[in-house]
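What the coordinates show
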Amino acid sequence: MVWTGTWVAERLGVELIGDEELPTLLGLALRRNPKRAHLLVSSVLGKHVPQLPSVVYGSGLGLGLRVRELLGAEEAGRAVVLGYAETATALGHAVADGLGSAPYLHSTRRPVPGVATAGGFEESHSHATSHLLLPEDPELLAGPGPLVLVDDEFSTGNTVLNTIRGLHERYPRDRYVVVALVDMRAPADRDRLTAFAAELGARVDLLSLATGTVTLPDGVLEKGQELVARHEPTEPTAGPAERATGPAAPAPPAPSVEPAAPAAPSEPAVPAVVRVPLDWPVGVPDGGRHGFTPEHRARLESALPGMTKALAEALAADAPDGAERAPRDPRVLVLGFEELMYAPLRLAGALEDAGLDVRYSTTTRSPVLAVDDPGYAIRTRLVFPAHDDPADGPGDRYAYNVAGGGFDAVVAVVDSAADTPELHAPDGLLAQLAAHIPRVALAVVPSYTPLPRSRQQPQAATEPMAASEAPERSSMLPEPLRGPAFSSYAPEEVGWLLQDLSDVELEAPTEEREEAIQRGGAHYAESLPVEYQPSARYQELFHSALESSAARIAHAVGTVTETVLAERSARPVLVSLARAGTPVGVLMRRWALHRHRLDLPHYAVSIVRGRGIDANALRWLAAHHDPADVVFVDGWTGKGAITRELAAALRESEEFAGFDPEIAVLADPGSCVRTYGTREDFLIPSACLNSTVSGLISRTVLRSDLVGAHDFHGAKFYRELSDADVSNAFLDAVEARFDEVAATVDTDVKDLLAADRTPTWEGWAAVERISEEYGIHDVNLVKPGVGETTRVLLRRVPWKILAKRGAGADLAHVRLLAEQRGVPVEEVDGLPYTCVGLIHPQYTRGATGADGKAVTSR
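What counts and how
- Residues numbered from 1 in each chain as written.
- Predicted model: local features only at pLDDT ≥ 70, side-chain atom pairs only at ≥ 80, totals over all residues.
- Heavy atoms only, no water.
- Helix = DSSP H or I, 4+ residues; strand = E, 2+ residues; numbered from the N terminus.
- Buried < 20%, exposed > 50% of the residue type's maximum accessible area, 1.4 Å probe, protein only.
- Contact = heavy atoms within 4.5 Å.
- Areas by Shrake-Rupley, 256 points an atom, 1.4 Å probe, with all protein chains shown as cover.
- Expected span 1.5 Å × (residues − 1).
- Bend = angle between axes of the 7 residues up to and from the residue.
- Axes fitted to C-alpha atoms, helices over the stretch in contact; angles between N-to-C directions.
- Parallel < 35°, antiparallel > 145°, perpendicular 65-115°, else oblique.
- Left-handed = near helix turned anticlockwise from the far one by under 90°.
- Salt bridge = Lys/Arg side-chain N within 4 Å of Asp/Glu carboxyl O.
- Pairing = 2+ DSSP bridges.
- Core = buried A, V, L, I, M, F, W, Y, C linked by side-chain atoms within 4.5 Å.
- Phe/Tyr/Trp six-rings, centres within 6.5 Å; stacked < 30°, edge-to-face > 60°.
- Lys NZ or Arg CZ within 6 Å of the ring centre and 35° of its normal.
- pLDDT = per-residue confidence, 0-100.
- Nonpolar A, V, L, I, M, F, W, Y, C, P; charged D, E, K, R; others polar.

1. Remarks on the overall build of the protein
- Broken down by element type, the protein carries 22 helices and 33 strands.
- Of all 858 residues assigned to the protein, the portion counted as buried reaches 60%.
- Here the contacts in the protein between residues at least 6 apart in sequence split such that 76% fall between residues at least 24 apart.
- Split by element, the accessible area of the protein, about 32200 Å² in all, is 51% carbon and sulfur.

What follows is the structure in structure tokens.
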């Protein structure tokens, strides 16, 4: 049990009464505040008390998971999270992370020129009351979904009431969820919130880690103020570091290597401060001041390993000349800056994951009395001048429980707006830290300032918008669709760069659809076939095939993922070609997370034969990621038509020259690509089904009356098929075999990387030969390989199936489908694929060729 409140309780009679967890979460201190004398000091917030990053982040993440459970998947997918500055900014981020798909915004006390205010409210008991809401997207708070409000504590509930009242007038909704670490409201305050919800006509739920009450005797405010006055001057001045215990450590001499770069020509050098360059991902905000999306989180997490490595190397490097050498296993503090809490928290957590002894806390605007007593929550205090040119003018800032904390090194993390001469001044934060901690490092995160709406593009860390950047229309494209609102995949698994056409009638029976294509010269992508619903026998075959091939697929997933990481990018952005490529992209993402703790971004885009890849999706990707990191992913190659389609689309436009057309595939039986998991033609169970193994998403649609010049291609979400959905069962079955195949993958990848993998296109040659031998005379009507043959049987009206003699179990599902549809299966010798599906215009109405349109019978 942790309790650091006896000093205040004994002198003022303040009591905390509540759950047994309460003493592990809260202590007591006194502050210089005319409205409230006592301060509830959280031990898990990471503000005043240095704490393990995993504890701080885990507390918020766990609350977010509870909110997700409370709301249910569908409502959680529509939720928006709002956190409070400054203490709850990282807590709100973590709650949003727990929800998974929720965008996040926190209030701020920093006005930003050119950014419109979407609202504001007052925090009545705070030392700095005004909160601003400055979302980059003015529609962020306008949706009808639940609003989740996050604060570190509820004392009276006034702040929450003020917030909801103000926002409800502008953005009314049916449901609110209020989240905090502790709920310390009195019974009357609880009743007031209940009555307020009834008056509003909205449901208000409340979640916390612990509940209790604070008992305040009469006159506690005046007694507290008198107590504070006895222990410190009424108006302390920023200057020498204040420390309650022991003498200050001597300041080491100036470093000889990597000194802190000056913020201005007149910036005085601070001894022993080393600046650590962070490769912060371009366009990712430094926090939720203007909004933070799941895509931002995915990109941040992808960049964390590189930034962590830089910090770890700086901490492990030899000390500057004359400076005290850090011990072999140093105790490290990562110190955030006021509202900038999430970025340093994630960096601290990554260092902790790497095995360092790390604690995390942040500086604050809040003046709190420091007393060196084991029964008091704030033992020491550093005082220094504000260094971010605050709107309310200069003033003191504070760092608590840092001096005397036994730290061997500290990493101060600030945003670039706060990297000023005041930070580096002799009485500034860095000098105060250097007076008490042997090694001081500075890491600067670029401050994110939204561009005016007419010019919005992702902003480089320090450079203005370049004239050659993507067209303005990319800024008007929506954020990716995510489950559970679109697809049955978890929101972090994939973002769909598609528009939702679920309410549009697009399906027709296969024969009618192909006849319409032939009669009107329509394109196959302008309509959808009726989704094939597998029989019970066929579903049994799918599960049997999955059980027998899961390890084989896992090996291929590991092989292709490790090849990508070794050759293409250390932090690839996976972009799967919807929809066959999407399960593979999800599995590759899972492998990277399982084996390397890399949380890679993954999106799905549409590519249409004869019309190329969705150009707007590429524009969105270029606006949010480095095109050089994008790796296109597909399930398998047949004859390589899609490979050629992608290469041609990228080659024809200078706008997309930065993208690499090389596709990474699970299986490459056609020898069309260099990056693959295997070149064997075997059954990939995800090819056995349509939407029910692909997140319940249809094949993509491109039709001029539905898809405008500035729209993504479309697709449907078949929610009604959820009872038959095996999408996640397929993924889980393969992932369960990752550890089993890991050692073999490592060995095989070494051999593969050293091998000649130049595509031979032997599959294309075989298809040309088959086309002529069978009198078809169009390679686009020859569908080679198990995957393509399965598609023919599920979506088209096939002529016949060619099966490699002795193919065995890999063709069980093909034989069953052919039997059900009355399609002959012809066994042949010398077939380079396991099987080939044939479409013949003489027998199949509306067969389509290379341009996606009807092929005329010869």
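2. Thoughts on helix α9 (residues 294-316)
- Compared with an ideal rise of 1.5 Å per residue, which puts 23 residues at 33 Å, α9 spans 33 Å between its outermost C-alpha atoms and is within 8% of the ideal.
- When the local axis directions of α9 are compared, the greatest deviation, roughly 40 degrees, occurs at leucine 304, which is followed within four positions by the proline proline 305.

3. What about the packing of helix α14 (residues 536-567) against helix α22 (residues 812-821)?
- Two elements in contact, α14 and α22, have axes separated by 10 Å at closest approach and are oriented at 170 degrees. Classed by the angle they form, the pair α14 and α22 counts as roughly antiparallel. The hand of the α14/α22 crossing is left-handed. On the side of α14, the interface is formed by Arg537, Tyr538 and Leu541, while α22 contributes Ala812, His813, Leu816, Leu817 and Glu819.

4. Some remarks on the side chain of serine 691
- Summarising the element assignment, serine 691 is placed in the loop between β28 (675-678) and β29 (714-715).
- The exposure class assigned to serine 691 is buried, which follows from its relative accessible area of 0%.
- Leave out the neighbours within four places in its chain, and serine 691 touches Glu531, Arg579, Leu696, Ile697, Tyr718, Leu721, Asp725 and Ser727.

5. Focus: the pattern of salt bridges
- Here the structure, examined in full by the defined rule, presents 41 salt bridges.
- With a shortest N-O distance of 3.8 Å, arginine 11 and glutamate 10 are connected by a salt bridge.
- A relative accessible area of 41% places arginine 11 in the partly exposed class.
- Given the relative accessible area of 63%, glutamate 10 is considered exposed.

6. Comments concerning the sheet that holds strand β33 (residues 835-838)
- The strand order β30-β33-β31-β32 describes an open sheet built from 4 strands, whose pairing is mixed. Each having just a single partner strand, β30 (782-784) and β32 (825-828) make up the two edges of the open sheet. Between one strand and the next, the sheet's axes are offset by a mean angle of 20 degrees, whatever the strand orientation.
- Across the sheet, helix α20 (residues 762-773) is in contact with β30, β31 (800-804) and β33; its angle to β30 comes to roughly 140 degrees.
- Packing of α22 onto the sheet brings it into contact with β31, β32 and β33, and relative to β32 it is tilted by some 140 degrees.

7. Overview of the nonpolar core
- Judged by nonpolar contacts, the single largest core of 131 residues is most densely connected at Leu30, Val81, Val148, Tyr376, Val411 and Leu433.
- Setting aside chain neighbours within four positions, we find valine 411 in contact with Leu311, Leu315, Val332, Leu333, Val334, Leu335, Ala441 and Ala443.
- Ranked by size, the runner-up nonpolar core spans 77 residues in total, among them Val494, Leu498, Ile684 and Val814.

8. Comments concerning the pairing of β31
- Most of β31 is tucked away, with 4 of its 5 residues classed as buried.
- Examined bridge by bridge, β31 and β33 share 4 bridges and lie antiparallel to one another. Across the sheet, alanine 803 pairs through a bridge with cysteine 835, a residue of β33.
- Strand direction decides the pairing type here: β31 and β32, joined by 4 bridges, are parallel. By the bridge assignment for β32, lysine 804 is matched with valine 828.

9. Some words on the sheet that holds strand β23 (residues 602-605)
- Within the open sheet, the 6 strands sit side by side as β18-β23-β22-β26-β27-β28. Their pairing is parallel. Of all strands in the sheet, those with a lone pairing partner are β18 (495-496) and β28, marking the two edges.
- Contacts from helix α15 (residues 581-596) reach β18, β22 (573-577), β23, β26 (630-636) and β27 (663-667) within the one sheet, and its direction differs from that of β26 by about 120 degrees.
- Packing against the sheet, helix α16 (residues 615-624) makes contact with β22, β23 and β26, and its axis sits at approximately 160 degrees to β23.

10. Quick notes on the environment of leucine 646
- Following the sequence through the fold, leucine 646 ends up in helix α17 (residues 641-651).
- Residue classification places leucine 646 among the buried positions, given a relative accessible area of 0%.
- Once residues lying within four places of it in the same chain are set aside, the contact partners of leucine 646 are Ile607, Ile613, Phe632, Pro661 and Ile663.

11. So, unusual backbone geometry
- At the junction of glycine 483 and proline 484, the peptide bond is cis and its omega measures out at 0 degrees in the coordinates.
- Along the chain, the position of proline 484 falls in the loop between β17 (439-445) and β18.
- Residue alanine 578 is joined to arginine 579 through a cis peptide bond whose omega torsion reads 0 degrees.
- For arginine 597, which is not glycine, the phi torsion reads 60 degrees and is therefore positive.
- The topology assignment puts arginine 597 in the loop between α15 and β23.
- Of note, the phi angle at tryptophan 761 is positive, near 55 degrees, even though the residue is not glycine.
- Summarising the element assignment, tryptophan 761 is placed in the loop between α19 (738-754) and α20.

12. Some thoughts on the side chain of serine 447
- The residue serine 447 is located in the loop between β17 and β18 in this model.
- Discounting residues that sit within four places of it in the chain, serine 447 has contacts with Arg110, Asp286, Asp415, Ser416 and Ala417.

13. Some words on the packing of aromatic side chains
- This structure, assessed with the given rule, holds 10 aromatic pairs.
- Residues tyrosine 398 and tyrosine 400 carry aromatic rings whose centres are separated by 5.9 Å and whose planes lie at 10 degrees to one another, so their mutual orientation is stacked. Each member of the pair tyrosine 398 and tyrosine 400 is classed as buried.
- Feature note: the residues Phe486, Tyr489, Trp496 and Phe717 constitute an aromatic cluster, connected by ring pairs.
- Positioned over the ring face of tryptophan 761 is arginine 644, at 4.4 Å from the centre of the ring.
- Its end group placed over the ring of tryptophan 799, lysine 800 keeps NZ or CZ at 4.6 Å from the ring centre.

14. Quick notes on α15
- In this model, α15 (16 residues) spans 22 Å end to end at C-alpha, consistent with the 22 Å of a helix rising 1.5 Å per residue.
- Within α15, 12 of the 16 residues are buried, leaving the element largely enclosed by the surrounding structure.
- Looking one or two places after α15, you find arginine 597, whose phi comes out positive at around 60 degrees.

15. Observations regarding the confidence of the model for the protein
- Per-residue confidence for the protein gives a mean pLDDT of 83; residues scoring 70 or more make up 84%.
- Long-range and interchain partners of residues 234-269, a stretch whose pLDDT sits below 50, account for 82 contacts in this model, where long-range means more than four residues apart.
- Every residue in residues 452-475 is under pLDDT 50, and counting partners more than four places away or in other chains gives 36 contacts.

16. Quick look at the packing of helix α5 (residues 89-99) against helix α10 (residues 342-353)
- At a minimum axis separation of 8 Å, α5 and α10 run at an interaxial angle of 65 degrees. With respect to α10, the axis of α5 lies roughly perpendicular. Across the interface between the two elements, Ala90, His93, Ala94 and Asp97 from α5 touch Tyr342, Leu345 and Arg346 from α10.
- Of the residues contributing to the contact of α5 with α10, the split by class is 4 nonpolar, 1 polar and 2 charged.

17. Quick word on the environment of arginine 597
- When its relative accessible area of 57% is taken as the criterion, arginine 597 is described as exposed.
- With sequence-adjacent residues up to four places away left out, arginine 597 is seen in contact with Asp353 and Ala592.

18. Some points on the environment of leucine 802
- Examined against the element boundaries, leucine 802 turns out to sit in strand β31.
- Classification of leucine 802 by relative accessible area gives buried; the value is 1%.
- Distance from leucine 802 to isoleucine 770, taken between C-alpha atoms, is 9.9 Å for residues 32 residues apart in sequence.
- Residues within four places of leucine 802 in sequence aside, it is in contact with Ile770, Tyr774, Glu826, Val828, Leu831, Thr834, Cys835, Val836 and Leu838.

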